[in-house]
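Residue-level structure breakdown
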Amino acid sequence: MKIARTFTIDYHLYQELRKKPNQSRIVESSIRRYLNADEDYDVSEISTRRLLAVLIQRPEISRSLELLLSEALHSSQ
């Protein structure tokens, strides 16, 4: 059973959320993850592009690996 509720969120968060399809599912999923914070984090939910972008920023990544990751990131567009 679903129920409609109104909550106040930051305007910039609203701007980002309105660009996404199925906003209710995103909000529900986020709240469930927040409430179940003691559960393991599921890295499979992160997109490959986001993982590549984060890895590129890591200081322990060598320059050669950074270039490979960057190439993979830009070729996946």
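All values reported here derive from a predicted model rather than from experimental measurement.

So, on to the packing of aromatic side chains. Taken as a whole, this structure holds 1 aromatic pair when the rule is applied. Relative to Tyr14, the ring of Tyr11 lies with its centre 6.0 Å away and its plane at 40°, an arrangement referred to as tilted. Within this pair, Tyr11 and its partner Tyr14 are both found in helix α1 (residues 11–17), separated by 3 residues, close to a single helical turn. Note on Tyr14: relative accessible area 39%, which makes it partly exposed.

This part takes up the confidence of the model for the protein chain. Low-pLDDT stretches of the model should not have their predicted coordinates read in fine detail. Chain-level statistics for the protein chain give a pLDDT mean of 88 and a share of 95% at 70 or above. Ranking the elements of the protein chain by mean pLDDT puts helix α2 (residues 23–35) last with 89 and helix α4 (residues 63–75) first with 93.

Further remarks concern the packing of helix α3 (residues 48–57) against α4. Packing of α3 against α4 brings their axes to within 9 Å, and their N-to-C directions diverge by 155°. The orientation of α3 with respect to α4, classified from their angle, is roughly antiparallel. Considering only the axes of α3 and α4, their crossing is left-handed. Taken together, the residues of α4 that come into contact with α3 (itself represented by Arg49, Leu52, Ala53, Leu55 and Ile56) are Glu66, Leu69, Ser70, Ala72 and Leu73. Within the contact of α3 with α4, the residues separate by chemical class into 7 nonpolar, 1 polar and 2 charged.

Scoring rules and cut-offs
Residues numbered from 1 in each chain as written. Predicted model: local features only at pLDDT ≥ 70, side-chain atom pairs only at ≥ 80, totals over all residues. Heavy atoms only, no water. Phe/Tyr/Trp six-rings, centres within 6.5 Å; stacked < 30°, edge-to-face > 60°. Helix = DSSP H or I, 4+ residues; strand = E, 2+ residues; numbered from the N terminus. Buried < 20%, exposed > 50% of the residue type's maximum accessible area, 1.4 Å probe, protein only. pLDDT = per-residue confidence, 0-100. Axes fitted to C-alpha atoms, helices over the stretch in contact; angles between N-to-C directions. Parallel < 35°, antiparallel > 145°, perpendicular 65-115°, else oblique. Left-handed = near helix turned anticlockwise from the far one by under 90°. Contact = heavy atoms within 4.5 Å. Nonpolar A, V, L, I, M, F, W, Y, C, P; charged D, E, K, R; others polar.

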